[in-house]
Amino acid sequence: MKVQLHMKLMLVKLKEYKNKRNGPKITHGMFFKHVATSVLSNRTRVLLTFLGIVISSLVFCIAVLRFDLQYKQLQLNYSNYPQNVVVAKGKLNPVDIINFKTNFSDINVIVGRLDTIGYIEENKNLSVCPIGVKENFLSGYIYDFSNNGGVYLSSLAYGRSFNDAEIKGLESSAIINKTTAKILFGTENPLGMLVRVDYESATQTNAYKIIGVIDDSFGMQSDYSDYINQYKDNINIGIYTPEQNISNKSINYDFSIFYTNNLSLESIFYNEKYIDGEYKLFTNSEISFFSFKDHEKQYNESLESFKSSYGTFVIVIIISEIIALNIFMLFSIKERIEEIGIRKAIGSNNFYIMMQFMLEYFIIGLFGTIIGILCANFINQVFIVVDSIKDAYIFVAPSMTPNIIVFFVSNSIILLTSLIPALIARKTQITDALRFI
Amino acid sequence: MIKLVNIHKAFGKKIVLSGINLEINEGEFVCIVGNSGAGKSTLLNLLALFDLPTFGEYFLDGTNVYKNNIDRAKVRSSTFGFVFQTFHLLEELTVAENVKIPLIYANKNADVETRINNMLGKFGLDSIINTKCKYLSGGEKQRVAFVRAVINNPKYILCDEPTGNLDNKNSQEIIQFLKEEQKNGKTIVFISHDFKTVEELKNEGATTYEINAGQIKRI
């Protein structure tokens, strides 16, 4: 009973204390309306604050949008990697590749296309140049992420990709593009037909079975035709029929894509043209096997590095935003010191003085952030168009998530930032504010 | 009733008010006159609960303000109305918005618009109800400040040199308003450095005090 009485007494005292602390209770609707009127009344100050918030959320939003796009693009690039690749630094001889494939049976896909080799030759610092197979796609190449990164994808029109047995070299098979299919077989869909490459003997049974047809790749023709044309002439590919009737057909490299599961076509091509020429033989130390785990590790490292560098950039922007807004708000408080005194003199308690300032900044911040985000999205679209002109294709679509993040973070920053001047306003003495003394 | 007992106020080593004893009865018109630096405004700050004394006691309607730790903001919004020499209006807000603020803080939300319109009409301000205060003349500003002071129907109206920035015509008008409020039962505290005005008010029945070097005496 005693405890109950004490508790009741404490509750009564607490209520009394709260009543004393709270002062007059204000009808919220009337107060909000008054705050809104106050915001609209001083257009110059509000416009300056508004512009500051628009600019800061715009910069912040662009940074986050770009981060989001490039992060997703990076993920996409890596997701299109084959499982195991060979990494080579320097000029690459296809013979080495073949040797490596022999020595390392678990290499699924091997670097070694003409275009890739060309690229390695031109960019000695580049460490990864894979080309390979992924479900429903033959992925092209990827190069330096920060500049002209991109993955060219060719979707399968007919058939399938290489299966495990083919990748391990147990069966010979090939995937060709539509143009090549038409030239060789007169149809886009020659699945199951056999082909052999030239100067393999007619009796040789190692023919390649067509297992898939891909769409003509836009990247292959436009980007590498010049390089290929320097060496191509024509290459003969024979159609291998059960009757052993061999008819040779010339196809132009500009329009042909011929992937085989052991790259023999390309190796023959290189052997013929470059063996003992420009390319040197690699030593083991110069070519390394790049496993899926390595790939995963590099992927994670790249993502982490990307996140930390971009994260730092975003943090710098946030800190700048906080400092800029704080300075602006503090100046604003100085300018409004008389107003604080007047409001207190005619009955406002400290809580409502704080709320007045925080709500004002919240209202301005709300609209400023929305406008900033809209502008940032527009600018981001311009960047995407410019990127595509520079051939730095972004294959991922912008999402709403960065906008939502920026909206909430920006408004939280504005609210937190407004807390400092609001506290200063709260502490301001009426006599100081009104300069009575 | 307001009662000050042995009020002292010092700023650092400087003693501004020294042993002030003052009683202001309900419905009274009290004038406090003094030269610049005599401590008039400091006294008004204490009366208005804008500031705390170094020591002394303040009884408002029988309640010891400092000992009972009453909510000063609540008292300012409901019991006091203020008229300042420099008007202290929110210049960017309209006349109506300025007058409305005390009602918001005192949570008097019934018939707000009607009340404001009636009051502004009574003081001849209905034509400028939606004008921003920064565009008003001195006389108009003081009338708006006066309406703001009385809109909550306060018991006490505290005026700090309300006629200090006004010409003779506008000064007389404000004094007339104050007299009318006194007739309606309000208690008026009128602080001024103008001995002539205070003398005139004394002749009309006001209780007058002179403050000098931090001490107050009835004149």
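Reference entry: report on the structure contained in this document. Here the structure is a predicted model, which is why all the values come from computation and not from measurement.

Observations concerning the overall build of chain A
(1) Moving on: The secondary structure content of chain A amounts to 14 helices and 11 strands.
(2) Moving on: Across the 437 residues of chain A, 49% fall into the buried class.
(3) Moving on: Within chain A, contacts between residues at least 6 apart in sequence are counted, and of these 76% link residues at least 24 apart.
(4) Moving on: Split by element, the accessible area of chain A, about 21,900 Å² in all, is 61% carbon and sulfur.

With respect to the nonpolar core
Soluble globular proteins tend to pack their nonpolar side chains together in the buried interior.
(1) Moving on: Counting 102 residues, the largest nonpolar core has B:Ile20, B:Ile32, B:Leu43, B:Phe80, B:Leu158 and B:Leu178 as its most contacted members.
(2) Moving on: If near-sequence neighbours (up to four positions away) are discounted, B:Phe80 is found in contact with B:Ile2, B:Leu47, B:Ala48, B:Leu49, B:Tyr58, B:Leu60, B:Val75, B:Pro154, B:Tyr156 and B:Leu158.
(3) Moving on: With 20 residues, the next largest nonpolar core counts A:Leu58, A:Ile62, A:Tyr299 and A:Ile413 among its residues.

Here we look at the interface of chain B and chain A
(1) Moving on: Contact with chain B, which involves 34 residues of that partner, is made by 34 residues of chain A.
(2) Moving on: Contact between chain B and chain A buries roughly 2,900 Å² in total, counting both sides, with carbon and sulfur atoms accounting for 64%.
(3) Moving on: Taken as a group, B:His88, B:Ile104 and B:Tyr105 account for 25% of the area that chain B buries against chain A, more than any other trio of residues on that side.
(4) Moving on: At the surface where chain B touches chain A, the tally comes to 0 salt bridges.
(5) Moving on: Counting across the chain B and chain A interface gives 3 residue pairs in polar contact (both at pLDDT 80 or more).
(6) Moving on: Elements with a minimum of two residues in the side of chain B that touches chain A: helix 1 (40-47), helix 2 (72-78), strand 6 (80-84) and helix 3 (95-105) of chain B.
(7) Moving on: Here the side of chain B that touches chain A takes 7 residues from helix 3 of chain B, the largest share from any one element.

Structural notes on helix 1 of chain B
Residues and elements named next belong to chain B.
(1) Moving on: Of all 8 residues that make up helix 1, 8 are buried, and the element is covered over most of its length.
(2) Moving on: Along helix 1, the residues classified as buried are Lys40, Ser41, Thr42, Leu43, Leu44, Asn45, Leu46 and Leu47.
(3) Moving on: Two residues or fewer past helix 1, Leu49 is found with a positive phi of approximately 65 degrees.

Observations concerning the environment of B:Asn153
All names here are of chain B.
(1) Moving on: Within the secondary structure, Asn153 sits in the loop between helix 5 (138-150) and strand 7 (156-160).
(2) Moving on: Dropping the residues within four chain positions of it, Asn153 is found in contact with Arg115 and Lys186.
(3) Moving on: A polar atom in the side chain of Asn153 sits 2.6 Å from the side chain of Lys186.

Some remarks on the sheet that holds strand 4 (residues 55-60) of chain B
All names here are of chain B.
(1) Moving on: Read from one edge of the open sheet, 4 strands run 2-1-4-5, paired in antiparallel fashion. The sheet is open, and its two edges are formed by strand 2 (14-24) and strand 5 (63-64), each paired on a single side.
(2) Moving on: Of the strands in this sheet, strand 1 (2-11), strand 2 and strand 4 touch helix 1, which is tilted by about 125 degrees from strand 1.

Here we look at the pattern of salt bridges
Residues and elements named next belong to chain B.
(1) Moving on: Counted under the stated rule, the structure contains 15 salt bridges over all chains.
(2) Moving on: Glu161 is the salt-bridge partner of Lys40, the closest N and O atoms lying 3.8 Å from each other. Of this pair, Lys40 sits in helix 1 while Glu161 sits in the loop between strand 7 and helix 6 (168-183), placing them 121 residues apart in sequence. Here Lys40 matches Glu161 in class, with each residue buried.

Comments concerning the sheet that holds strand 8 (residues 187-192) of chain B
Residue and element names in this part refer to chain B.
(1) Moving on: In space, the 6 strands of this open sheet follow the order 6-7-8-3-9-10, with mixed pairing throughout. Each end of this open sheet is capped by a strand with a single partner; those strands are strand 6 and strand 10 (215-218). Within the sheet, the average angular offset between the axes of one strand and its neighbour, ignoring direction, is 20 degrees.
(2) Moving on: Relative to strand 8, strand 3 (residues 29-33) runs parallel, the two being bridged by 5 bridges. Its bridge partner lying in strand 8, Phe29 is registered against Ile188.

Quick word on unusual backbone geometry
Residues and elements named next belong to chain B.
(1) Moving on: Of note in the backbone geometry, His88 takes a positive phi value of approximately 50 degrees without being a glycine.
(2) Moving on: Mapped onto the secondary structure, His88 falls in the loop between strand 6 and helix 3.
(3) Moving on: Phi is positive for Asn153, close to 55 degrees, though the residue is something other than glycine.

Points about the pairing of strand 7 of chain B
All names here are of chain B.
(1) Moving on: Among the 5 residues of strand 7, 5 are classified as buried, and the element is accordingly described as predominantly covered.
(2) Moving on: Along strand 7, one buried face is formed by Tyr156, Leu158 and Asp160 and the opposite face, lined by Ile157 and Cys159, is buried too.
(3) Moving on: Bridging between strand 6 and strand 7 involves 5 bridges; their strand directions are parallel. Across the sheet, Phe80 pairs through a bridge with Tyr156, a residue of strand 7.
(4) Moving on: Taken together, the 5 bridges between strand 7 and strand 8 define a ladder with parallel strand orientation. What sits directly across from Ile157, in strand 8, is Ile188.

Here is what the cut-offs are and how they apply
Residue positions are counted from 1 within each chain, in the order its sequence is given. Naming scheme: in the order in which they are written, chains are lettered from A and ligands are numbered from 1. Under the rules for a predicted model, residues below a pLDDT of 70 receive no local features and side-chain atom pairs below 80 are neither given nor counted, while totals for whole chains, interfaces and linings still include all residues. Where side-chain values are given, they derive from all heavy atoms of the structure, hydrogens and water being excluded. Helix and strand assignments follow DSSP, with helices taken as H or I runs no shorter than four residues and strands as E runs no shorter than two, numbered in order from the N terminus. The cut-offs for exposure are 20% and 50% of the maximum accessible area for each residue type, with area from a 1.4 Å probe on protein chains only; residues under the lower value are buried, those over the upper are exposed, and the others partly exposed. Between two residues, a contact is recorded if the distance between any of their heavy atoms is within 4.5 Å. Method for areas: the Shrake-Rupley scheme with a 1.4 Å probe, in which residue coverage is limited to the protein chains shown. Joining through side-chain atoms within 4.5 Å is the link that ties buried Ala, Val, Leu, Ile, Met, Phe, Trp, Tyr and Cys residues into a set, and such a set is a nonpolar core. Buried area: the accessible area, evaluated with a 1.4 Å probe, that two parts lose upon being put together, summed over both parts. The working definition used for a salt bridge is a side-chain nitrogen of Lys or Arg within 4 Å of a carboxyl oxygen of Asp or Glu. Here a polar contact is recorded for every N or O atom pair within 3.5 Å, except that within protein the pair must consist of a potential hydrogen donor and a potential acceptor, and residues adjacent in sequence are included only if both atoms are side-chain atoms. We treat two strands as partners when DSSP finds at least two bridges between them. The angle between two axes is taken between their N-to-C directions and runs from 0 to 180 degrees, where each axis is a line fitted to C-alpha atoms and a helix contributes only its stretch in contact.

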